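Below, each chain spelled out in residue letters.
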Amino acid sequence: LLLRLVWGLASSLRLWMEATAVESASDLDLPDSIPVRWSPRIASPVNVGSGILLPADYVEWDEEKLRVVVAHERSHIHQRDFYLQFVAGLYTSLTWFSPLGWWLKRKLSELGEAISDRAGLDAATSPSAYAQLLLEFAALPRPTVIGVPMAHSTNLSHRIERLLNESSFRSAFVGGRR
């Protein structure tokens, strides 16, 4: 697990270094401290480190799609999800025998996505438009990287249900008796 984690980190960093810097990043409504790059090797937006990596076809996106994607990814950066998930992966690889490590890694990922989904939802015209965008990205083929992708196909139905049902969205942040 530790070797897989290190290999994933190295692959992500190599992908980031080989990507091309976005020239008109000021149009994305981002502070200069957040670098944005694009790569033909990915199909959906990914947060790598403290930057955003966009697919090559981002130039064809309409203004709303770009605004929603940037809001979602900016939220991941603000929460430092890339680093948090790396540390959670490191903890899980060192304590692979403990169910707590696996649960913690999964829960941190779910909470990070819920918070970033809220940011994306705030930038979208409607919850259904945002859900459609997630479905669009989840349907695209993509290689596995250690970054924080915008749409995982594994938890997508749960995320969409949470987006379309406000009480379900609130329950993602409120723990029950468990």
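My aim in this report is to walk through the structure given alongside it, one point at a time. Bear in mind that the values here come from a model prediction, so they are computed numbers and not experimental data. (Residues numbered from 1 in each chain as written. Predicted model: local features only at pLDDT ≥ 70, side-chain atom pairs only at ≥ 80, totals over all residues. Heavy atoms only, no water.)

## Quick notes on a nonpolar patch on the surface
On the surface, a cluster of nonpolar side chains totalling about 480 Å² of accessible area is made up of Leu-1, Trp-96, Phe-97 and Trp-102. Within the secondary structure, Leu-1 sits in the segment before α1 (2-18). (Patch = residues over 30% accessible without salt bridge, like charges linked within 9 Å, V, L, I, M, F, W, Y side chains within 5 Å. Areas by Shrake-Rupley, 256 points an atom, 1.4 Å probe, with all protein chains shown as cover. Salt bridge = Lys/Arg side-chain N within 4 Å of Asp/Glu carboxyl O. Helix = DSSP H or I, 4+ residues; strand = E, 2+ residues; numbered from the N terminus.)

## Looking at the environment of Ala-124
Within the secondary structure layout, Ala-124 lies in the loop between α4 (99-123) and α5 (127-138). For Ala-124 and Ala-71, which are 53 residues apart along the polypeptide, the C-alpha to C-alpha distance reads 9.3 Å. Residues within four places of Ala-124 in sequence aside, it is in contact with Glu-64, Val-68 and Tyr-130. (Contact = heavy atoms within 4.5 Å.)

## Description of the pairing of strand β4 (residues 51-55)
The buried count for β4 comes to five of five residues, which makes it a mostly enclosed element. What you see with β4 is no split at all: Gly-51, Leu-53 and Pro-55 on one side and Ile-52 and Leu-54 on the other are buried throughout. When strand β3 (residues 46-48) meets β4, the two strands line up antiparallel, connected through three bridges. Bridging across to β4, Asn-47 finds its partner in Ile-52. In this antiparallel pair of consecutive strands, β3 and β4, the connection spans two residues, and Gly-49 shows a positive phi of 65 degrees. (Buried < 20%, exposed > 50% of the residue type's maximum accessible area, 1.4 Å probe, protein only. Pairing = 2+ DSSP bridges.)

## Side note on helix α6 (residues 156-164)
Among the residues of α6, Leu-156, Arg-159, Ile-160, Arg-162 and Leu-163 are the ones counted as buried. Down the axis of α6, the buried set is contained in an arc of 160 degrees. They therefore lie on one face. The exposed residues of α6 that point more than 90 degrees off its buried face are Ser-157 and Leu-164. (Arc of directions from axis to C-beta.)

## Some details on unusual backbone geometry
Here Arg-80, not a glycine, exhibits a phi torsion of approximately 60 degrees, which is positive. If you trace the backbone, Arg-80 turns up in the loop between α2 (63-79) and α3 (81-94). Overall, the relative accessible area of 53% leaves Arg-80 in the exposed class.

## Re the nonpolar core
Grouped together as the largest cluster of nonpolar side chains are 27 residues, with contacts concentrated most on Leu-30, Val-36, Ile-52, Leu-54, Trp-61, Leu-66 and Tyr-130. Discounting chain neighbours no more than four positions away, the residues touching Val-36 are Thr-20, Ala-21, Val-22, Leu-28, Leu-30, Ile-52 and Leu-54. Among the nonpolar cores identified, the runner-up in size contains eight residues, and Leu-15, Ile-42, Val-46 and Leu-53 belong to it. (Core = buried A, V, L, I, M, F, W, Y, C linked by side-chain atoms within 4.5 Å.)

## Looking at the pattern of salt bridges
Counted under the stated rule, the structure contains three salt bridges. Between Arg-41 and Glu-18 there is a salt bridge, with its nearest N and O atoms 2.5 Å apart. Taken together, the positions of Arg-41 in the loop between β2 (36-39) and β3 and Glu-18 in helix α1 put the pair 23 residues apart, joining distant regions of the chain. What makes Arg-41 partly exposed here is its relative accessible area of 44%. Where Asp-122 meets Arg-118, a salt bridge forms, and the shortest distance between an N and an O atom there is 4.0 Å. Of this pair, Asp-122 and Arg-118 both sit in helix α4, four residues apart, which is roughly one turn of the helix.

## Describing the packing of aromatic side chains
Two descriptors summarise a pair of aromatic rings, namely the distance from one centre to the other and the angle between the planes of the rings. What the rule picks out here adds up to three aromatic pairs. Centroid distance Trp-61 to Phe-137: 5.6 Å. Interplanar angle 65 degrees. Geometry classified as edge-to-face. One end of the pair, Trp-61, is in the loop between β4 and α2; the other, Phe-137, is in helix α5, with 76 residues separating them in the sequence. Note on Phe-137: relative accessible area 1%, which makes it buried. Aromatic side chains Trp-96 and Phe-97 sit 5.7 Å apart centroid to centroid with 80 degrees between the ring planes, which places their arrangement in the edge-to-face category. Owing to a relative accessible area of 53%, Trp-96 belongs among the exposed residues under this scheme. (Phe/Tyr/Trp six-rings, centres within 6.5 Å; stacked < 30°, edge-to-face > 60°.)

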